[in-house]
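# Architecture and fold: a report
Here is what each chain is made of, one letter per residue.
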Amino acid sequence: MCSDIDLTDLPPLGADPSRTYRLGIMGGTFDPIHYGHLVAAEQAFDDLSLDVVVFMPAGRPAFKLDKKVTSGEDRYAMTLLATSDNPHFLASRFEVDREGVTYTADTLRLLRGLYPANVEFYFITGADAITEIVAWRDAEDIARLAHLVAATRPGYDLDRAWDAISASGLAFDVTYLSVPALAISSSYLRERVGAGQSLRYLTPDSVTGYLHKHALYGAKSSRYGQTEEVVA
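First, a word on scope: everything that follows refers to the structure included in this document.

Our next topic: the packing of aromatic side chains. The tally for this structure, following the rule as stated, stands at 4 aromatic pairs. Each ring, one from Tyr115 and one from Phe121, has its centre 6.2 Å from the other, and the planes form 75°; the classification is edge-to-face. For Phe121, a relative accessible area of 1% gives the class buried. Put simply, the rings of Phe30, Phe55 and Phe89 pair up and form one aromatic cluster. Sitting above the plane of the Tyr76 ring, Arg93 keeps its charged end 5.0 Å from the centroid. Seen from the ring of Tyr103, Arg137 lies directly overhead, with NZ or CZ sitting 3.7 Å from the centre.

Let us look at the pairing of strand β5 (residues 147-152). Here β5 lies mainly inside the structure; 5 of its 6 residues are buried. Bridge count for strand β4 (residues 119-126) against β5 is 5 bridges, and the pairing is parallel. Counterpart to Gly126 in the pairing with β5 is Ala151. Bridging between β5 and strand β6 (residues 174-178) involves 5 bridges; their strand directions are parallel. Residue pairing for β6: Leu148 is matched across the bridge by Val174. For the segment spanning β5, helix α6 (residues 159-168) and β6, crossover handedness is right-handed.

Glancing now at the pattern of salt bridges. As enumerated under the stated definition, the model contains 10 salt bridges in all. In this structure, the salt-bridge partner of Asp138 is Arg109, at a minimum N-O distance of 3.1 Å. Residue Asp138 is found in the loop between α4 (127-133) and α5 (139-145), and its partner Arg109 is found in helix α3 (residues 104-114); the two are separated by 29 residues along the sequence. Taking the relative accessible area as the measure of exposure, Asp138 reaches 25% and is therefore partly exposed. Put simply, Asp106, Arg109, Arg137, Asp138, Asp141 and Arg144 are held in one network by salt bridges that share partners.

Criteria and thresholds
Residues numbered from 1 in each chain as written. Predicted model: local features only at pLDDT ≥ 70, side-chain atom pairs only at ≥ 80, totals over all residues. Heavy atoms only, no water. Phe/Tyr/Trp six-rings, centres within 6.5 Å; stacked < 30°, edge-to-face > 60°. Buried < 20%, exposed > 50% of the residue type's maximum accessible area, 1.4 Å probe, protein only. Lys NZ or Arg CZ within 6 Å of the ring centre and 35° of its normal. Helix = DSSP H or I, 4+ residues; strand = E, 2+ residues; numbered from the N terminus. Pairing = 2+ DSSP bridges. Right-handed = clockwise from strand over helix to strand, strands pointing away. Salt bridge = Lys/Arg side-chain N within 4 Å of Asp/Glu carboxyl O.

If you want it as structure tokens, here you go:
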């Protein structure tokens, strides 16, 4: 274990050396978190017999350095609210509190140093990201340190993902899950907020309340879950 890293919001797995633990890691910007993320994590928990799923909002994601990203504090707060009522979901500040650009390989290496060998990592992401992961920094370490769980929309064409994995020459272990709720996207939610449209049934009400209270994505709260009309 590395004593200089705060473990208070990470699950204490690995105590029984006679068994293998499965730690789900749900990475993403979560700007904002939505039901697609939550359903994918819940399905991975069930289908892969995970012990727990930790949601890790990215601190300063490498693939979004040229884009505007909501503060880590706000994204972490929304993630905490969205996961608080699920006993096998946790929200972690592990990436938000780290300085510098956030790289998945760095996160996995740090986690590997914190947990014993009988804790296996399952990194949950979207199938679209699989075609990009093979080109991420230190992709070979990602392949070595974690099983990949690729959440897909029903009917999604997996050929691009399979071709990318094959062409990489790296030993990625990928499980594909079909998740209907993945038709939802964070960018779609941001657009709806900016247009004064409802987010009901797209994200938990607690997240809707938070982003209106803090005026995120151009929201101007007049009453819970709604926005004020803009008068020209």
